[in-house]
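# Geometric and topological summary
Listed below, chain by chain, are the residues.
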Amino acid sequence: MATKSKLPVQDIGTRNPKLFNRIRTIIETPFYWNNVHHVRSLSEAYELAKRAPGTIITGLDVHNPEALGLPRDAKVLLFNDGKITGRQARLRRLVNGENRNKFADLLREAVFLSRNRKMYHAEAYVGLDKDFMLKAHLLVPEGYENTLYSWLLNFQIANEEYTEMYKDSLVLDEGDIFIFANPDYYPEEHPDGLALFDAEHNCAAILGMRYFGEFKKGTLTLAWTIAERNGYTPCHGGQKRFNLPSGNQKVIGVFGLSGSGKSTITLSDHGEKFSTTVLHDDAFIISDKDAYSISLEQSYFDKTQDYPLTEPQTKYFLTIQNCGATLDSEGRIVPVTEDIQSGNGRAVKSRFATPNREYRFEEPCDAIFWIMKDDSLPPVLKVTRPELASAMGATLATKRTTAEYVPGEDPNKLVIVPYANPFRLYPLKKDYLKFKKLFSERNVACYIINTGHFLTKKIGPQTTLGLIEDIVTDRAEFQPFGPFADLEYYPLEGFLPDFSDRNYLEMVERRLLDRLEYVSGLDEFNKLPDEALEAIEKAAKSIRR
């Protein structure tokens, strides 16, 4: 099996410190309480969620429910979280040698104070190919059956088919993932909640946090960390393959924060001009050795902002979070989407949302696109130097979306989120070197896509999709990006930079220097190699030469 559990008694204890240590043992122990019910099927999880107080059973039918393991008459379920409807990265803490005992005390108390609740235990697989499959366990209290149900839908429940695949999968020197959750418990030292991760030992505790995205990304956080240790590049992005009429195939990866356009790009059929196959729109890994890719999730977790009920994709909704409800003309209870009820309505969508889906791409990745919202940049740049290509990913600049809850922050502020992955639990240098290797040794091309504004002009989805089509069909002809070293641009009508305008050149320079300043100020855990700083500085100061 891929991850380790149920060891012989002679292997249990201090002789096996990766699986038996203080934090992990505290988190795993309540899974065996006598008040824990083990949920073993999706149909059971559905019935529990349907009966949970606060659930709205909509009049929308689940599409093709029996193929998913659901009852024939299954309906889409709606459940709302309250005030907080986004992830809270500021509440994440990482266990280390200095704080281990302090957090152990906190966790023992959190576990003890949860003992009087009925608890539900679910198992799922993360990673959908024999080369990379992990078993994950989630424990939630009664009242959060909808969280458990959505979690099982999002990943892959441990059913007969996948359990057989798991038995034949590659064995890793890793323990199962364990996540203990009590969304109603707020530790005294963390009054807003706490997401605690022990990266070395594949376990986490989610306390005082209700938003489903915390559970999805918390699980992925640990899975990505395991992948990084075992020869893969973790990717918070989407990947698709273009099956071109010539018989050639092009695989592209797109990286951006939730709401940046990565799902739109990944899932688009390009007006049926191309045959495309989707790996996933949010979470995958790339082999460091062979550049093949594996999807970590089965379903999709999409914003409902652009999904009025007339939108065809609503057909594939399974569960909905943080949306309103009303009665339609037929008397059905239906969701009110488009972010009317809150700023981050969400839905778990089934795998049927994309007609052509594979869980592994054997073909190596051809191109990586960093999605940014930076009004100094034209719709697309090509980065020609591997050090700069990886450094630009490490300084990916964009605007926050409502998927990330940051109280008091200006929503128009430009922020830097390395590789669009705020969930990393290991030193940033590791990501930098892995992506640089893809660019330098695997000859993966690197592009920067601006999906915001170029100066004052909005860059629409059709412009973005069109330039990607031109790139994969080799129609795009790039030119030097003015005086800026190692950068090229694709001239598009209406989005042409004026390199004779000194103000514009200095604007681009300032944005590059902002990245340099960011990298220069990183702490030891996030420090990048000097070559990354030198690559950014060379590009920024080109206009001074």
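Scoring rules and cut-offs
- Residues numbered from 1 in each chain as written.
- Predicted model: local features only at pLDDT ≥ 70, side-chain atom pairs only at ≥ 80, totals over all residues.
- Heavy atoms only, no water.
- Core = buried A, V, L, I, M, F, W, Y, C linked by side-chain atoms within 4.5 Å.
- Buried < 20%, exposed > 50% of the residue type's maximum accessible area, 1.4 Å probe, protein only.
- Contact = heavy atoms within 4.5 Å.
- Salt bridge = Lys/Arg side-chain N within 4 Å of Asp/Glu carboxyl O.
- Helix = DSSP H or I, 4+ residues; strand = E, 2+ residues; numbered from the N terminus.
- Axes fitted to C-alpha atoms, helices over the stretch in contact; angles between N-to-C directions.
- Parallel < 35°, antiparallel > 145°, perpendicular 65-115°, else oblique.
- Left-handed = near helix turned anticlockwise from the far one by under 90°.
- Phe/Tyr/Trp six-rings, centres within 6.5 Å; stacked < 30°, edge-to-face > 60°.
- Lys NZ or Arg CZ within 6 Å of the ring centre and 35° of its normal.
- Pairing = 2+ DSSP bridges.
- Expected span 1.5 Å × (residues − 1).
- Arc of directions from axis to C-beta.
- Nonpolar A, V, L, I, M, F, W, Y, C, P; charged D, E, K, R; others polar.

## Topic: the nonpolar core
Within the largest apolar cluster, 77 residues are counted, with the highest numbers of intra-cluster contacts made by I368, F369, W370, F435 and I468. Not counting the four nearest positions on each side in its chain, F369 is found in contact with I252, G253, V254, F255, Y447, I449, I468 and I471. Counting 68 residues, the second largest nonpolar core, distinct from the first, contains A45, L48, L91 and I177.

## A short note on the pattern of salt bridges
Evaluated as defined, the whole model comprises 38 salt bridges. Between E358 and R241 there is a salt bridge, with the nearest N and O atoms lying 3.0 Å from each other. Linking E358 in the loop between strand 21 (346-349) and strand 22 (360-361) with R241 in strand 12 (residues 237-243), this pair joins segments that are 117 residues apart in sequence. Residue classification places R241 among the buried positions, given a relative accessible area of 6%. D374 is the salt-bridge partner of R515, the closest N and O atoms lying 3.4 Å from each other. Of this pair, R515 sits in helix 12 (residues 502-520) while D374 is found in the loop between strand 23 (367-372) and strand 24 (380-383), placing the two residues 141 residues apart along the sequence.

## So, the packing of helix 9 (residues 386-394) against helix 10 (residues 428-440)
Two elements in contact, helix 9 and helix 10, have axes whose closest approach is 8 Å; the angle formed by their N-to-C orientations is 135°. In terms of their interaxial angle, helix 9 and helix 10 are classed as oblique. The way helix 9 lies across helix 10 gives a crossing that is right-handed. Contacts between helix 9 and helix 10 involve P386, E387, A389, S390 and A391 from the first element and D431, Y432, F435, K436, F439 and S440 from the second.

## Considering the packing of aromatic side chains
Per the counting criterion, the structure on display carries 27 aromatic pairs. Relative to F499, the ring of Y489 has its centre 5.6 Å away and its plane inclined at 70°; by these criteria the two rings are edge-to-face. Taken together, the residues span a long stretch of sequence, with Y489 in strand 31 (residues 487-489) and F499 in the loop between strand 31 and helix 12 at a distance of 10 residues. Judged by its relative accessible area of 8%, Y489 is buried. One residue, R241, lies across the ring of F361, its end atom 4.8 Å from the ring centre. When the ring centre of F301 is taken as origin, the NZ or CZ atom of R346, which lies over that ring, is 5.0 Å away.

## Some details on the environment of L138
Examined against the element boundaries, L138 turns out to sit in strand 6 (residues 132-141). Taking the C-alpha atoms as reference, L138 lies 28 Å from V417; in sequence the two are 279 residues apart. Not counting the four nearest positions on each side in its chain, L138 is found in contact with F31, Y120, H121, A122, L148, W151, I179 and F215.

## Some thoughts on the sheet that holds strand 22
The sheet built from 4 strands is open, its strands ordered 11-15-16-22 with antiparallel pairing. In the strand order of this sheet, the two ends are held by strand 11 (232-235) and strand 22, each with one partner. Here helix 7 (residues 212-229) sits on the sheet in contact with strand 11 and strand 15 (284-287), set at roughly 155° to strand 11.

## Re helix 4 (residues 100-112)
For helix 4, which comprises 13 residues, the first-to-last C-alpha distance of 18 Å matches the rise-based estimate of 18 Å (1.5 Å per residue) to within 8%. If you check which residues of helix 4 are buried, you get F103, A104, L106, L107, A110 and V111. Buried residues in helix 4, looked at end-on, bunch into an arc of 165°, giving them a common side. Tucked into the core, helix 4 has its buried residues touching helix 1 (22-28), strand 4 (92-94), strand 8 (177-182), strand 9 (194-198) and strand 10 (203-207).

## A word on the packing of helix 5 (residues 145-154) against helix 7
Here helix 5 crosses helix 7 at 40°, and the two axes come no closer than 10 Å. Considered as vectors, helix 5 and helix 7 are oriented oblique to each other. Both helix 5 and helix 7 take part in a crossing whose hand is right-handed. Facing helix 5, whose interface residues are T147, S150, W151 and N154, helix 7 presents F212, F215, K216 and T219. Of the residues assigned to the contact of helix 5 with helix 7, the class counts are 3 nonpolar, 4 polar and 1 charged.

## Describing the sheet that holds strand 3 (residues 75-79)
The strand order 2-3-18-21-17 describes an open sheet built from 5 strands, whose pairing is mixed. Where the open sheet ends on each side, the last strands, each with one partner, are strand 2 (56-61) and strand 17 (300-303). The average angle at which neighbouring strand axes cross in this sheet is 25°, direction not considered. Here strand 2 runs beside strand 3; their pairing, made up of 3 bridges, is antiparallel. Bridge pairing in strand 3 links D61 to K75. Contacting strand 3, strand 17, strand 18 (317-321) and strand 21, helix 5 runs over the sheet at an angle of about 135° to strand 18.

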